[in-house]
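# Chains, contacts and geometry: an overview
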Amino acid sequence: MIETEEHKTGSCPICRNAHIHHIFNLSEAQVVRCADCNFLFLHPQPSDEVLRRIYTESYFLGATDERMRAQVADLKTATAGLYLDQLASQGILGGRLLEVGCGDGYLLAEAERRSFEVTGVEYSEHAARRARAGLTRGQVLVGDLSQVDLPAGAFDVCILADVIEHVRDPRSFLSTVRKRLKPGGCLLIATPSTDSWSARLMRRRWMEFKTEHMSYFSRRTMESLLAQTGFQSIRFFAGYKMISLSYVKSHFESYPVPLWTSLVRFAFARLPRRWLEKPRRLAGSGMLVLATKH
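Overview of the structure. The numbers attached to residues start from 1 for each chain and follow its sequence in the written order. Confidence filtering applies because this is a predicted model: local features only for residues at pLDDT of at least 70, side-chain atom pairs given and counted only at 80 or more, and all residues used for totals across whole chains, interfaces and linings. Water and hydrogen atoms play no part in the side-chain values, which are based on all heavy atoms of the structure.

Another point: a nonpolar patch on the surface. Only residues whose relative accessible area exceeds 30% and that form no salt bridge enter a patch; like-charged residues are grouped when within 9 Å of one another, and nonpolar side chains (Val, Leu, Ile, Met, Phe, Trp, Tyr) when within 5 Å. To measure how exposed things are, a 1.4 Å probe is used in the Shrake-Rupley method; for residues, cover is taken only from the protein chains shown. A pairing counts as a salt bridge when a side-chain nitrogen of Lys or Arg comes within 4 Å of a carboxyl oxygen of Asp or Glu. On the surface, Trp197, Leu201 and Leu282 cluster together to form a nonpolar patch covering roughly 310 Å² of accessible area. Helical segments are the DSSP runs of H or I of at least four residues, strand segments are the runs of E of at least two, and each set is numbered from the N terminus. Structurally, Leu282 can be placed in strand S11 (residues 280-293).

This is the structure:
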């Protein structure tokens, strides 16, 4: 996810306009808006040292106790199934699949079960090790996509699930992704959306405003970026995920949001465990994007 120390650019990553407006501060960063295309991003970006303090082994585990880890694993596997179902609805049922930022490998394992030939790229060695353990034939490489040894034009599908918001230069990143895809290859992106109901409701207290999230896309800015980097047939879908109320509560506890964390804590305090842990299909803050290599 960390690509370069050059993190003080004052121009918009989408349209290159240098006229940007400060919107509000995060704990260790500032959210700014491009005056031309309305893209939201962090400026200046957090240093590599700040990101290293965030991306610890526990960050990738997604939970602190074994019960919650098991539940998170089940939810992420189910969410992976939703993404792969979306590919299947487009007639993509197999082939060579690349996931960049594969984390603990739940999607790779599910894709392998569905007959894809899988390759993962992951920045965290801890997460990559766990991802490899869940595969029977696939491989997981450690490092940035621009640096790992992968052939050009080799993959039928690339998946970026909750990744593009973390990269320093999304334009360069997508250009590198495009090089790895075959002509006509499919790209699937899952990312938070500023068009989502949660973003509109929570505004500056939106739970997706985090120091490690350096880009905040709307459908319009995502479509513009994809077109500029050589993708076509761009389609948008609701970003459904499988979650539980206990997972939501844990998220708000890990990333406290003034007022909202207290409201969630109060609302869930007396609910039975079976209600809290029941998996639910919800489109909360994200969008799902499909595009093909031009």
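From this point, things continue past the structure.
Here we take up the pairing of strand S5 (residues 116-122). Three exposure classes are used, based on accessible area relative to the maximum for each residue type with a 1.4 Å probe and protein chains only: buried under 20%, partly exposed in between, and exposed over 50%. Summarising burial for S5: 6 of the 7 residues are buried, a large majority. In this sheet, S5 lies alongside strand S4 (residues 95-100) in parallel orientation, the contact comprising 6 bridges. Looking at S5, one finds that Glu99 is bridged to Gly120. Strand pairing is assigned whenever DSSP detects at least two bridges linking the two strands. Where S5 meets strand S6 (residues 139-142), 4 bridges bridge the pair, whose relative direction is parallel. For Gly120, the partnering residue across the bridge sits in S6 and is Val140. Note that the unit made of S5, helix H5 (residues 125-133) and S6 has a crossover that is right-handed. A crossover counts as right-handed when, viewed with the strands pointing away from the observer, the path leading from the first strand over the helix to the second turns clockwise.

The subject of this paragraph is the nonpolar core. With 37 residues, the main nonpolar core has Leu160, Leu187 and Leu226 as its most contacted residues. Among the secondary structure elements, those contributing two or more residues to this core are strand S2 (30-34), S4, strand S7 (155-161), helix H6 (170-180), strand S8 (181-192), helix H8 (219-228), strand S10 (231-243) and S11. We call two residues in contact whenever any of their non-hydrogen atoms come within 4.5 Å of each other. What Leu187 contacts, discounting residues up to four positions off in sequence, is Cys158, Leu160, Leu174, Val177, Leu181, Leu226, Phe231, Val289, Leu290 and Ala291. In this text, buried Ala, Val, Leu, Ile, Met, Phe, Trp, Tyr and Cys residues form a nonpolar core when linked through side-chain atoms within 4.5 Å.

Spatially, 7 strands are ordered S6-S5-S4-S7-S8-S11-S10 in an open sheet, and the strand pairing comes out mixed. Looking along the sheet, the strands with just one partner apiece sit at the ends: S6 and S10. Averaged over all neighbouring strand pairs, the angle between strand axes comes to 20°, with direction disregarded. A fitted line through C-alpha atoms serves as each axis, taken over the contacting stretch for helices, and the angle formed by two N-to-C directions is quoted from 0 to 180°. Lying over the sheet, H6 contacts S4, S7, S8, S10 and S11, oriented at roughly 140° with respect to S8.

Let us look at the pairing of S8. In terms of burial, S8 is a largely internal element, 9 of the 12 residues being buried. In the sheet, S7 pairs with S8 via 6 bridges, with the strands oriented parallel. Each bridged residue has a counterpart across the sheet, and for Val157 the counterpart in S8 is Cys186. Tracing the backbone out of S7, into H6 and back to the parallel element S8 gives a crossover that is right-handed. The pairing of S8 with S11 spans 7 bridges and is classified as antiparallel. Within S11, the position partnered with Ala190 by the bridge is Leu288.

Further remarks concern the sheet that holds strand S1 (residues 20-25). Pairing is antiparallel across the open sheet formed by 4 strands, whose spatial order is S1-S2-S3-S9. Edge positions in the sheet fall to S1 and strand S9 (215-216), since each has one partner strand and no second. With 5 bridges connecting them, S1 and S2 associate as antiparallel partners. In the strand pairing of S2, His21 is matched with Arg33.

The next subject is the packing of H6 against H8. Close contact between H6 and H8 brings their axes to 9 Å; oriented N to C, the two are set at 50°. By the angle between their axes, H6 is oblique relative to H8. Judged by the twist between their axes, the crossing of H6 over H8 is right-handed. On the side of H6, the interface is formed by Pro170, Arg171 and Leu174, while H8 contributes Leu225, Leu226 and Gln228. Of the residues that constitute the contact of H6 with H8, the class distribution is 4 nonpolar, 1 polar and 1 charged. Our angle categories are set so that under 35 degrees counts as roughly parallel, over 145 as roughly antiparallel, 65 to 115 as roughly perpendicular, and the remainder as oblique. Should the near helix be turned anticlockwise from the far one by less than a right angle, the crossing is termed left-handed; should it be turned clockwise, right-handed. Each residue receives one of three labels: charged for Asp, Glu, Lys and Arg, nonpolar for Ala, Val, Leu, Ile, Met, Phe, Trp, Tyr, Cys and Pro, and polar for the others, Gly being one of them.

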